[in-house]
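Here are the chains, one letter per residue:
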Amino acid sequence: MLGAFRSALATPDLRKKILFTLGIIIVYRLGATLPAPGVSYKNVQACIQAAQKGQQQDVFSLINLFSGGALLQLSIFALGIMPYITASIIVQLLTVVIPRFEQLKKEGQAGQNKMTQYTRYLTVALAVLQSTGIVALAVRGGLFQVQCPDVIPDSNIFTLIVIVTVMSAGTAIIMWLGELITERGIGNGMSLLIFTSIAARIVAEGKTIFNKGDESGRGALILAVVCVFALVIIATVIFMEQGQRRIPVQYAKRMIGRRMYGGTSTYLPLKVNQAGVIPVIFASSLLYLPDLITKLAFQNKTNWFVEFMSQYVTNQSSWVHLLIYVALIIFFTYFYVAITFNPDERADEMKKFGGFIPGIRPGRPTAEYLNFVLSRITLPGSLYLGIIAILPNLFLSITGSGNNQNFPFGGTAVLIMVGVGLDTMKQIEGQLMQRNYEGFLR
């Protein structure tokens with residue numbers, strides 16, 4: 001592996017791409033630490049420390065995860081890449097509902113460019129909406145859920161508009177930086193920015209776990225156990241992400257002019273985790289909604305509904321919360337796979353180009369067979385996602401070392417980091433193989 005890195009850096013054009021990607025990542029991290037105009041950096045740090053001591057969970061913890069902690073600092077890139085992720089998911093789901101989007105999807109590169117344009121517009125709209133809500137919560141003192149100084153000392157209407165505008169513009173800049181990495185760098189730009197945001201929190205979260213465990217004299221032991229547990233999770237995720245069911249496909253020979261085409265054998269890969277990390281994001285977002293609604297609707301009031309929600313639904317160590325979480329992940333896994341993979345379209349494409357599965361008739365029987373196989377492998381894939389998502393909750397509730405947000409290798413974070421790492425490594429390996437160098441995977 002070290003030899004592959006050395007070969008990559010020794011290749012001039014590949015070295016330029018790697019250095020360009022690193023430069024964009026540095027710019028992104030600088031913007032994530034630079035506070036927005038009108039925000040008191042000193043008061044923000046005091047509020048963050050008070051929230052950590054009180055072990056408070058913020059409603060926007062998922063956005064804070066994807067922004068690398070920039071959300072709580074109310075920085076220029078406070079929203080991170082989350083508005084773009086949400087917009088991409090919405091546009092992808094709308095392709096099933098809106099015929100115009102479905103038509104654009106079939107038009108090739110021109111249609112894809114139009115879909116990307118719609119995604120950008122929706123991202124900016126969502127960024128304005130989310131930044132407005134975050135600034136409103138910051139002014140009312142509901143962002144940190146603890147008693148602390150005002151993070152926006154001068155909360156007049158002009159200052160608030162400037163903060164919202166800067167945060168929304170920051171999201172647009174992040175989109176641009178991600179596209180620059182995709183075009184001129186290595187790997188998928190948006191995915192790498194998410195990877196960087198999550199990786200930036202590892203040291204800080206590890207220090208938090210150590211400090212909380214050090215109060216009982218077991219800081220080093222708990223941190224070591226957490227690291228071992230994280231390595232086991234990462235190895236499991238790598239194994240499952242690489243797992244796939246390969247369906248053999250045979251193409252019949254065809255005579256076109258004087259040349260013979262076809263007659264080759266290939267396979268159709270169906271991944272065990274066909275849906276990726278999307279079901280976990282959907283389930284996490286839905287589970288944060290009850291907490292948000294109760295805080296905004298009832299504020300400091302206490303009644304049976306608020307107590308029930310805080311004790312069972314929003315409490316991450318509650319068995320009710322864990323069961324609901326796993327059930328939502330399984331549901332969204334089947335839902336997302338059904339939307340993104342259409343067996344009828346795949347069967348028609350295979351029939352059009354003379355392909356068939358040995359032992360299965362082309363057309364409708366092929367679609368039924370693909371649907372049967374897909375439903376069979378989606379079940380273990382959904383269970384795998386659910387188990388990976390709740391393992392940190394179970395582990396940290398047993399050790400008493402904090403909540404899920406203090407575990408840097410849990411659920412969404414580890415799935416994204418491993419997926420992006422594998423994809424980027426394969427892209428570098430592909431470029432090395434073109435130059436007859438040995439890759440990472442031998």
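What comes next is a walk through the structure. (Residues numbered from 1 in each chain as written. Predicted model: local features only at pLDDT ≥ 70, side-chain atom pairs only at ≥ 80, totals over all residues. Heavy atoms only, no water.)

### So, the nonpolar core
To be explicit about the condition: What is meant by a nonpolar core is a set of buried Ala, Val, Leu, Ile, Met, Phe, Trp, Tyr and Cys residues, joined one to another through side-chain atoms within 4.5 Å. Per-residue accessibility, obtained with a 1.4 Å probe over protein chains only, is compared with the maximum for each type, and a residue is labelled buried under 20%, exposed over 50%, and partly exposed between these values. Any two residues having at least one pair of non-hydrogen atoms within 4.5 Å are treated as being in contact.
Within the largest apolar cluster, 66 residues are counted, with the highest numbers of intra-cluster contacts made by Val237, Val280, Tyr325 and Leu415. Ignoring any residue separated from it by four or fewer positions in sequence, one finds Tyr325 in contact with Val280, Ala283, Ser284, Leu287, Ala389 and Ile390. Within the second largest apolar cluster, 20 residues are counted, among which are Ala36, Leu79, Ala138 and Val164.

### Remarks on the layout of surface pockets
What counts, and what does not: Of the two site types, the cavity is a set of points on a 1 Å grid over the protein atoms alone where a 1.4 Å probe fits but cannot get out, and the pocket is an open set with protein on both sides within 12 Å along at least five of seven lines, each lined by residues with an atom within 4 Å of a point. Grid points are joined across faces, edges and corners, and a volume is the space filled by probe spheres set on the points. Helix numbering and strand numbering both begin at the N terminus, where a helix is a DSSP run of H or I of at least 4 residues and a strand a DSSP run of E of at least 2.
Within this model, the largest pocket holds a volume of roughly 1600 Å³. Along the walls of the largest pocket sit 42 residues, with Gln92, Asn188, Ser191, Ile278 and Tyr336 positioned nearest its centre. When contributions to the lining of the largest pocket are tallied by element, the ones reaching two or more residues are helix 5 (82-97), helix 7 (109-140), helix 8 (157-184), helix 9 (189-199), helix 11 (219-242), strand 1 (244-251), helix 12 (278-298) and helix 17 (412-434). Of the residues forming the lining of the largest pocket, the biggest block, eight residues, is contributed by helix 17.

### Focus: the packing of helix 8 against helix 9
Note the following rule: To get an axis, fit a line to the C-alpha atoms, keeping to the stretch in contact for a helix; angles then go from 0 to 180 degrees between the N-to-C directions. An angle below 35 degrees is read as roughly parallel, one above 145 as roughly antiparallel, one from 65 to 115 as roughly perpendicular, and any other as oblique. Ten residue types, Ala, Val, Leu, Ile, Met, Phe, Trp, Tyr, Cys and Pro, are classed as nonpolar, four, Asp, Glu, Lys and Arg, as charged, and the remainder, Gly among them, as polar.
Two elements in contact, helix 8 and helix 9, have axes separated by 7 Å at closest approach and are oriented at 115°. By the angle class used here, helix 8 and helix 9 are roughly perpendicular. In this structure, helix 8 contributes Ile174, Met175, Gly178, Glu179, Ile181 and Thr182 to the contact, and helix 9 contributes Gly189, Met190, Leu192 and Leu193. Each residue belonging to the contact of helix 8 with helix 9 can be placed in one class, and the counts come to six nonpolar, three polar and one charged.

### Brief notes about the side chain of Thr159
For clarity, the threshold we go by: Distance and chemistry together define a polar contact, namely a pair of N or O atoms within 3.5 Å, with one atom able to donate a hydrogen and the other to accept it when in protein, and with adjacent residues in sequence counting only for side-chain atoms on both sides.
Topologically, Thr159 is positioned in helix 8. Residue class for Thr159 comes out buried when judged on its relative accessible area of 13%. Side-chain polar atoms of Thr159 contact the backbone oxygen of Asp154, separated by 3.5 Å. Apart from residues no more than four positions distant in its own chain, Thr159 is found in contact with Gly38, Ile152 and Asp154.

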